[in-house]
Amino acid sequence: MRLIFLGPPGSGKGTQSKILLEKFGIVQLSTGDMLRESIAQKTPLGLEVQKILSEGNLVSDEIVNNIVSERLKKEDCSKGFILDGFPRTLSQAVALKEILKENNIQLDAVIEFLVDKEILLNRIQNRAQEALKNGLPVRSDDNEEIFTKRLDEYFEKTKPLSDFYKKENLLHEIKGDNSFEEVSKDIENFLASFLKH
Ligand code: AMP
């Protein structure tokens, strides 16, 4: 199973990915997690992108394309993967197409999570409060100002990808503002019917 999860921040891509990983024995490739990891490790890349992430801006296409291109070559991707948070621009989508072609990898589907902006803002406030309540760190880009910026970035630069993937006959839309269980069920049903064909 080789999937892209497309959707705004807070739409549930990461949480829903985790369920499928166990079920299908595939890996989650989250460019956001990879970048945060390099920041935590204080690698040269981490030092370079730290400010960009904290301000809610997008890292350059060149950087993320390289990260994904290298990551997809690793053995653990051979059973399948979910790309979460990549591609985020049309140019990344075009680069990904090329990377997949070079590595003889066929994408199965792009699942787009459709969620209302108001709901996303509520969710992110709850996510921060929950983390605080449980003594966990709150993501520095999960405050309202930066989150709104990330949402604007999404609707300006990433949303056009749904048309791109519609034309490629890969897009499947999911109502992401339903409950976690309902969204999970919708994805499961889609994948089951997909696997049958
Ligand atoms: P995420 O965890 O997916 O919400 O990503 C967190 C942050 O990492 C984003 O706000 C961007 O600054 C950066 N980032 C993650 N993926 C990408 C990408 N595909 N292109 C550019 N920047 C990205």
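Residues numbered from 1 in each chain as written. Predicted model: local features only at pLDDT ≥ 70, side-chain atom pairs only at ≥ 80, totals over all residues. Heavy atoms only, no water.

Undergrad: Mind laying out the pattern of salt bridges, listing which residues take part and the relevant values?
TA: Here the structure, examined in full by the defined rule, presents 13 salt bridges. Between Lys-159 and Glu-112 there is a salt bridge, with the nearest N and O atoms lying 2.6 Å from each other. With a gap of 47 residues between them, Lys-159 in the loop between α7 (144-158) and α8 (161-167) and Glu-112 in strand β4 (residues 109-114) connect regions that are remote in the sequence. On the basis of relative accessibility, which here comes to 27%, the residue Lys-159 falls in the partly exposed class. Across the salt bridge formed by Lys-133 and Glu-130, the nearest N and O atoms sit 3.1 Å from each other. Note that Lys-133 and Glu-130 are positioned in helix α6 (residues 117-133) at a spacing of three residues, about one turn of the helix. Here the salt bridges do not stand alone but share partners, grouping Lys-23, Lys-185 and Glu-188 into one network. (Salt bridge = Lys/Arg side-chain N within 4 Å of Asp/Glu carboxyl O. Helix = DSSP H or I, 4+ residues; strand = E, 2+ residues; numbered from the N terminus. Buried < 20%, exposed > 50% of the residue type's maximum accessible area, 1.4 Å probe, protein only.)

Undergrad: Account for helix α3 (residues 44-54), with residues named and values stated.
TA: Buried within α3 we find Gly-46, Val-49 and Leu-53. End-on view of α3: buried residues confined to an arc of 90°, all on one side of the axis. Within α3, the exposed residues directed more than 90 degrees away from the buried face are Pro-44, Leu-47, Glu-48 and Lys-51. Buried residues along α3 sit in contact with α2 (31-40) and α4 (61-72). Gly-56, located one to two residues past α3, shows a positive phi value of around 80°. (Arc of directions from axis to C-beta. Contact = heavy atoms within 4.5 Å.)

Undergrad: How would you summarise the sheet that holds β4 if you had to cite specific residues and measurements?
TA: Read from one edge to the other, the open sheet built from five strands follows the order β2-β3-β1-β4-β5, with strand pairing classed as parallel. Unpaired on one side and paired on the other, β2 (27-30) and β5 (171-175) mark the two borders of the sheet. Taking the axes of each pair of neighbouring strands and ignoring which way they run, one obtains an average angle of 25° across the sheet. Here strand β1 (residues 2-6) pairs with strand β3 (residues 81-84) via four bridges, running parallel. Among the inter-strand pairings, Phe-5 is bridged to a residue of β3, identified as Asp-84. With respect to the sheet, helix α9 (residues 180-196) is in contact with β1, β4 and β5, its orientation differing from that of β4 by roughly 160°. (Pairing = 2+ DSSP bridges. Axes fitted to C-alpha atoms, helices over the stretch in contact; angles between N-to-C directions.)

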